Amino acid sequence: MSHRSSLSYFALCAVALLTILSGSMINPLLSIFAKNIGATGVIVGLVVASYWTSRVFLEIPSGLLPSKLGYFLPMALGLSLTSLGNFLCRFVNNPYQLMAARMMIGLGAPLFFAVAMTFVVDTFTTERRGSAMGFFQGVEFIGTLLGASLSGYVVSLFEFRGAFLLSAALGATALALLAVSGIRGKRRAEADSSIISPSSILEVLRSRNLLVVAGSIFAEFVLSMGVLYTILPIYLHEDVGLPLTTVGLTLAARSFGFVASMFTMGSVSDKIGRRPVLLFGLAATGLLSLALGHASSVPFIAATIFGIGVSTGAIWIVSPVIAAESVRPALRGAAIGTYRTFFDLGSILGPIIMTIINEGLGRRMCFYVAAMILLANVLPALWMRETR
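As a starting point, this report considers the structure included with it. Please read these numbers as outputs of a predicted model, since none were measured by experiment.

1. Focus: unusual backbone geometry
1) Next: Positive phi values are uncommon outside glycine, yet Glu 159 reaches one of about 65°.
2) Next: Along the chain, the position of Glu 159 falls in helix α7 (residues 126-179).

Now the structure itself:
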């Protein structure tokens, strides 16, 4: 990789950090703002889901765009939609207007992130691709941690509408940095103006390895969004009896495990292969989910959640790399878009599935079902072929 490409990569990491930070300052408290402007019951959930619902339709098309338009234009459009959507949130007066603005942000997300991930896998050779993707996603997650930590302070200082303006300003700054990153003139080495076609998508969907990681990341997001972000806080507070402040601190243990995994698992996969890392992530996360369903002491709960952070980080790191390496280079973007579609679906369906199970069968069954879905993906992963 040339020095110029290296600079572009690190600039892109900085752009991703700003973009994630702009959203993470609002997302943890979005449901409260929705209630403040009139949302009740299921409408609150629809406001939160609107972001994921809109982005799911653009993941695969976004991954295909670099072959036709290059990297810069789709990413710039995505950042523009994200910044504009946050700006419009400043002026909404009811939950339906908020849904529309959030859907605009959801449309911008895959245009930037799917294309950015395609740039990363195209820039690095197989020997360094895993560590490069690990660093890129690790930087993203640091943005999530920082934004979530600052969210309460930012909203208290500027109120919700001022916080939306700050998010829009961060998005605009990210766009300006992208413009000077050196990516503008870069195009895919194997670009093909005719690549965007139904046959191309079908070719991607016939990849066995891609289907393996699609199922794996779907299972991981059913756990993350359905159990860890929906059921687990209630479980810790009502069943285990932890006060809300301790619940927040305990859940933060996953973030530390995730960051540790992000900066190590990529390099490990470059040395020993993608499949062992994916198998570790699936098996360990499934078993830890079972353990968490029976945890009662705070130290054990925190340690288990930290372990889940490490194991889910392993899944996150290798899945997009496997997806990209499972198809010919011209279709890498489409493969990454397909992979991202499945974690969007997990994010939409996970909370719905787990709240239904929680109501009918109890909270502990949510941990069992999440574990079963994860462990069911171990056998297909054993059949996966290494393609490095």
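2. Some points on a nonpolar patch on the surface
1) Next: Side chains of Leu 84, Phe 87, Leu 88, Phe 91 and Leu 165 sit close together on the surface and give an oily, nonpolar patch of about 410 Å² of accessible area.
2) Next: With 3 residues, the top contributor of residues to the nonpolar patch is helix α5 (residues 72-89).
3) Next: A relative accessible area of 35% places Leu 88 in the partly exposed class.

3. A few points about the nonpolar core
1) Next: Grouped together as the largest cluster of nonpolar side chains are 118 residues, with contacts concentrated most on Leu 12, Phe 136 and Leu 278.
2) Next: Excluding its chain neighbours within four sequence positions, the residues that come into contact with Leu 278 are Val 212, Val 213, Ser 216, Ile 315, Val 318, Ser 319, Ile 322, Ala 381 and Met 384.

4. A word on the packing of helix α13 (residues 298-325) against helix α14 (residues 332-361)
1) Next: Taken N-terminus to C-terminus, the directions of α13 and α14 make an angle of 140°; their axes are 7 Å apart at the nearest point. For the element pair α13 / α14, the angle class is oblique. As for the relative orientation of α13 and α14, their crossing is right-handed in sense. Residue-level inspection shows Trp 316, Ser 319, Pro 320, Ala 323 and Ala 324 of α13 in contact with α14, the latter providing Arg 332, Ala 335, Ile 336 and Tyr 339.
2) Next: For the contact of α13 with α14, the per-class residue count stands at 7 nonpolar, 1 polar and 1 charged.

5. Some words on the pattern of salt bridges
1) Next: In the structure shown here, the tally under the stated rule is 4 salt bridges.
2) Next: The closest approach of N and O atoms between Arg 55 and Asp 344, which form a salt bridge, is 2.9 Å. Of this pair, Arg 55 sits in helix α3 (residues 42-55) while Asp 344 sits in helix α14; the two residues are 289 residues apart in sequence, bridging distant segments of the chain.
3) Next: Classification of Asp 344 as buried rests on a relative accessible area of 0%.
4) Next: The partner of Glu 325 in a salt bridge is Arg 274, and the shortest N-O contact between them spans 2.9 Å. In this pair, Glu 325 sits in helix α13 while Arg 274 sits in helix α12 (residues 274-294), placing the two residues 51 residues apart along the sequence.
5) Next: Among the residues examined, Glu 325 registers a relative accessible area of 10% and is labelled buried.

6. Looking at the environment of Phe 300
1) Next: Here Phe 300 shows up in helix α13.
2) Next: With 243 residues separating them in the primary sequence, Phe 300 and Phe 57 have C-alpha atoms 40 Å apart.
3) Next: Once you skip the residues sitting within four places of it in the chain, Phe 300 turns out to touch Ala 291 and Ala 295.

7. A short note on helix α6 (residues 95-123)
1) Next: For α6, spanning 29 residues, the distance from its first C-alpha to its last is 42 Å, which sits close to the expected 42 Å at 1.5 Å a residue.
2) Next: Of all the 29 residues making up α6, 22 are buried; the element is thus mostly covered by neighbouring parts of the structure.
3) Next: Of the residues flanking the start of α6, the one acting as N-cap is Asn 94, its side-chain oxygen 3.0 Å from the backbone nitrogen of Tyr 96.

8. Comments concerning the packing of α5 against α6
1) Next: One can describe the packing of α5 onto α6 by two numbers: an axis separation of 7 Å at closest approach and a directional angle of 155°. As far as their axial angle goes, α6 and α5 are roughly antiparallel. For the pair α5 and α6, the crossing hand works out as left-handed. Touching Pro 74, Met 75, Leu 77, Gly 78, Leu 79, Leu 81, Thr 82, Leu 84, Gly 85, Asn 86, Leu 88 and Cys 89 of α5 are Leu 98, Ala 101, Arg 102, Met 104, Ile 105, Leu 107, Gly 108, Ala 109, Leu 111, Phe 112, Val 115 and Ala 116, all from α6.
2) Next: Classifying every residue of the contact of α5 with α6 by side-chain character gives 18 nonpolar, 5 polar and 1 charged.

9. Here's the deal with the environment of Pro 320
1) Next: If you trace the backbone, Pro 320 turns up in helix α13.
2) Next: Sequence separation of Pro 320 and Met 133 is 187 residues, and the distance between their C-alpha atoms is 8.2 Å.
3) Next: Once residues lying within four places of it in the same chain are set aside, the contact partners of Pro 320 are Met 117, Met 133, Gln 137, Ile 336 and Tyr 339.

10. A word on the packing of aromatic side chains
1) Next: All told, the structure shown has 15 aromatic pairs when counted by the stated rule.
2) Next: Judged by centre distance (5.1 Å) and plane angle (65°), the ring pair of Tyr 9 and Phe 10 falls under edge-to-face.
3) Next: The class of Tyr 9 is buried, set by a relative accessible area of 3%.
4) Next: Given a relative accessible area of 44%, Phe 10 falls into the partly exposed group.
5) Next: Ring geometry for Trp 316 versus Phe 343: centroids 6.3 Å apart, planes at 15°, classification stacked. With Trp 316 in helix α13 and Phe 343 in helix α14, this residue pair connects regions lying 27 residues apart in the sequence. Taken individually, Trp 316 and Phe 343 each receive the classification buried, so the pair is uniform in this respect.
6) Next: An aromatic cluster of at least three residues, connected via ring pairs, comprises Phe 221, Phe 258, Trp 316, Tyr 339 and Phe 343.

11. Looking at the side chain of Ser 50
1) Next: For Ser 50, the position within the fold is in helix α3.
2) Next: Overall, Ser 50 belongs to the buried group, its relative accessible area being 5%.
3) Next: Other than its neighbours up to four places away in sequence, Ser 50 contacts Met 99, Arg 102 and Met 103.

Analysis parameters
Residues numbered from 1 in each chain as written. Predicted model: local features only at pLDDT ≥ 70, side-chain atom pairs only at ≥ 80, totals over all residues. Heavy atoms only, no water. Helix = DSSP H or I, 4+ residues; strand = E, 2+ residues; numbered from the N terminus. Patch = residues over 30% accessible without salt bridge, like charges linked within 9 Å, V, L, I, M, F, W, Y side chains within 5 Å. Areas by Shrake-Rupley, 256 points an atom, 1.4 Å probe, with all protein chains shown as cover. Salt bridge = Lys/Arg side-chain N within 4 Å of Asp/Glu carboxyl O. Buried < 20%, exposed > 50% of the residue type's maximum accessible area, 1.4 Å probe, protein only. Core = buried A, V, L, I, M, F, W, Y, C linked by side-chain atoms within 4.5 Å. Contact = heavy atoms within 4.5 Å. Axes fitted to C-alpha atoms, helices over the stretch in contact; angles between N-to-C directions. Parallel < 35°, antiparallel > 145°, perpendicular 65-115°, else oblique. Left-handed = near helix turned anticlockwise from the far one by under 90°. Nonpolar A, V, L, I, M, F, W, Y, C, P; charged D, E, K, R; others polar. Expected span 1.5 Å × (residues − 1). Polar contact = N/O pair within 3.5 Å; in protein donor to acceptor, adjacent residues only side chain to side chain. Phe/Tyr/Trp six-rings, centres within 6.5 Å; stacked < 30°, edge-to-face > 60°.

By themselves, these figures tell us nothing about what the structure is for.
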